[in-house]
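Structural features, examined
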Amino acid sequence: MDLIVLLLVLLLFTVVCFKILTKRLPFSMPFEEAGKGEAIVSIILLIILFVFIGVHFIVATIKHGLLIYMLTLIVINILVWKREFKVDLDSSN
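In what follows, the accompanying structure is described.

Conventions used here
- Residues numbered from 1 in each chain as written.
- Predicted model: local features only at pLDDT ≥ 70, side-chain atom pairs only at ≥ 80, totals over all residues.
- Heavy atoms only, no water.
- Helix = DSSP H or I, 4+ residues; strand = E, 2+ residues; numbered from the N terminus.
- Expected span 1.5 Å × (residues − 1).
- Buried < 20%, exposed > 50% of the residue type's maximum accessible area, 1.4 Å probe, protein only.
- Arc of directions from axis to C-beta.
- Contact = heavy atoms within 4.5 Å.
- Patch = residues over 30% accessible without salt bridge, like charges linked within 9 Å, V, L, I, M, F, W, Y side chains within 5 Å.
- Areas by Shrake-Rupley, 256 points an atom, 1.4 Å probe, with all protein chains shown as cover.
- Salt bridge = Lys/Arg side-chain N within 4 Å of Asp/Glu carboxyl O.

Section: helix α3 (residues 65-84)
Over its 20 residues, α3 extends 28 Å from the first C-alpha to the last, a length consistent with the 28 Å expected when each residue adds 1.5 Å. Every buried residue of α3 is listed here: Gly65, Leu66, Tyr69, Met70, Leu73, Asn77 and Glu84. Each buried residue of α3 sits inside an arc of 120° when the element is viewed along its axis, so together they form one side. Every exposed residue of α3 that faces more than 90 degrees away from the buried side is listed here: Ile68, Leu79, Lys82 and Arg83. Against the buried residues of α3 lie α1 (2-20) and α2 (39-60).

With respect to a nonpolar patch on the surface
Together, Ile20, Ile40, Ile43, Ile44, Ile47, Val51 and Val55 make up a nonpolar patch on the protein surface, roughly 590 Å² of accessible area in all. The dominant element in the nonpolar patch, judged by the number of residues it contributes, is α2, at six residues. Within the secondary structure, Ile40 is located in helix α2.

Quick notes on the pattern of salt bridges
By the definition in use, this model includes two salt bridges. With a closest N to O distance of 2.5 Å, Arg83 and Glu84 form a salt bridge. Shared partners join several salt bridges into a network, and the residues in it are Lys19, Arg83 and Glu84.

Notes on the environment of Leu21
Relative to the assigned elements, Leu21 resides in the loop between α1 and α2. A C-alpha to C-alpha distance of 9.4 Å links Leu21 and Leu45, two positions 24 residues apart in sequence. Beyond its immediate chain neighbours, meaning those up to four positions away, Leu21 contacts Glu38, Val41 and Leu45.

See below:
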């Protein structure tokens, strides 16, 4: 069950990273410009990751906590992925 929760957290973290990080193709910028101003963003993402780790450890100590956390993560993932990657298929002509 821990691995399923880990997968769900990583899926959620992927959306968080997508929203926070810049949308540039890898290796499309000159080396000198790559990563400018991204140090603070990396620290913020690391803090978010540590929050997920802390919640996992706290929930693991509660009876049936992982099951409830897993179900919660499933619902959150479905809502977040639908909201953030909403594509209107009708207007793609």
